[in-house]
Amino acid sequence: QLLESGGGLVQAGGSLRLSCATSERTFGSYSIGWFRQTPGKEREFVAYVDWSNDAIVYANSVKGRFITSRDTAENSVWLQMNTLRPEDTGIYYCAAKPYRASTLEYEYDYWGQGTQVTVSS
């Protein structure tokens, strides 16, 4: 089970930090992906942290603005979102899959409940 927190309302240019936590002892063998669903669009890949070496990949749309990292001690992954834009508005999800990370949402087995991020202009 994945539990997300940290969404909210922020003005353009502001920052938010999302957290994705689990109580699973096997969390370390799972890759974590972040996805979002923005109004009128399909759910899209945002970033992932690979289980084996913590390799991180970002979507081009967020590269240079968003940062994600795993906190092994806390069994969590966070997503720091900076310089937010109105087009970043949407529901953000974390997802987990065993072993190798992927940008494809259908490859993820477990999903958080989603958290709303709203960026006002």
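Scroll up for the structure.
Here we come to the sheet that holds strand β7 (residues 66-71). The strand order across the open sheet built from four strands is β1-β3-β8-β7, with neighbouring strands paired in antiparallel fashion. Bordering the open sheet on either side are β1 (3-5) and β7, each of which pairs with just one other strand. Neighbouring strand axes in the sheet, compared pairwise and without regard to direction, differ in orientation by 15° on average. Bridge analysis of β1 against strand β3 (residues 16-21) gives three bridges, and the strand direction is antiparallel. Among the inter-strand pairings, E4 is bridged to a residue of β3, identified as C20.

The next thing to look at is the state of the cysteines. Going through the model one piece at a time under the given rule, you end up with one disulfide. Across the disulfide from C20 sits C94; the S-S distance is 2.1 Å. What sets the handedness of the C20 and C94 disulfide is the S-S torsion sign, and at about 70° it is right-handed. On the criterion of sequence distance, the pair formed by C20 in strand β3 and C94 in strand β9 (residues 90-98) is long-range, its members being 74 residues apart.

Turning next to the pairing of strand β8 (residues 76-81). Regular strands place side chains that alternate from one sheet face to the opposite one. For β8, the buried fraction is high: five of the six residues fall into the buried class. In the sheet, β3 pairs with β8 via six bridges, with the strands oriented antiparallel. Looking across to β8, one finds that L18 is bridged to L79. As defined by bridge partners, β7 adjoins β8 across six bridges and the pair is classed as antiparallel. For S69, the partnering residue across the bridge sits in β8 and is W78. The turn linking β7 back onto β8 is made up of four residues, and N75 within it adopts a positive phi angle of 50°.

Reading guide: rules and limits
Positions within a chain are numbered from 1, following the residues in the order the chain's sequence is written. Local features in a predicted model are, by the rule used here, given only for residues with pLDDT of at least 70; side-chain atom pairs are given and counted only at 80 or more, and totals for whole chains, interfaces and linings are based on all residues. The basis for every side-chain value is the complete set of heavy atoms in the structure, and neither hydrogens nor water enter the calculation. Two strands pair under a simple rule: DSSP has to find at least two bridges between them. Numbering of helices and strands runs from the N terminus; a helix is a DSSP stretch of H or I covering at least four residues, while a strand is a stretch of E covering at least two. For helices, the fitted axis covers only the stretch in contact; all axes are lines through C-alpha atoms, and the angles between them, taken along N-to-C directions, range from 0 to 180 degrees. We call a pair of cysteine sulfur atoms a disulfide when they lie within 2.5 Å. Accessible area is worked out with a 1.4 Å probe on protein chains only. A residue is then buried under 20% of its type maximum, exposed over 50%, and partly exposed in between.

Purely spatial values, then, with no claim about function.
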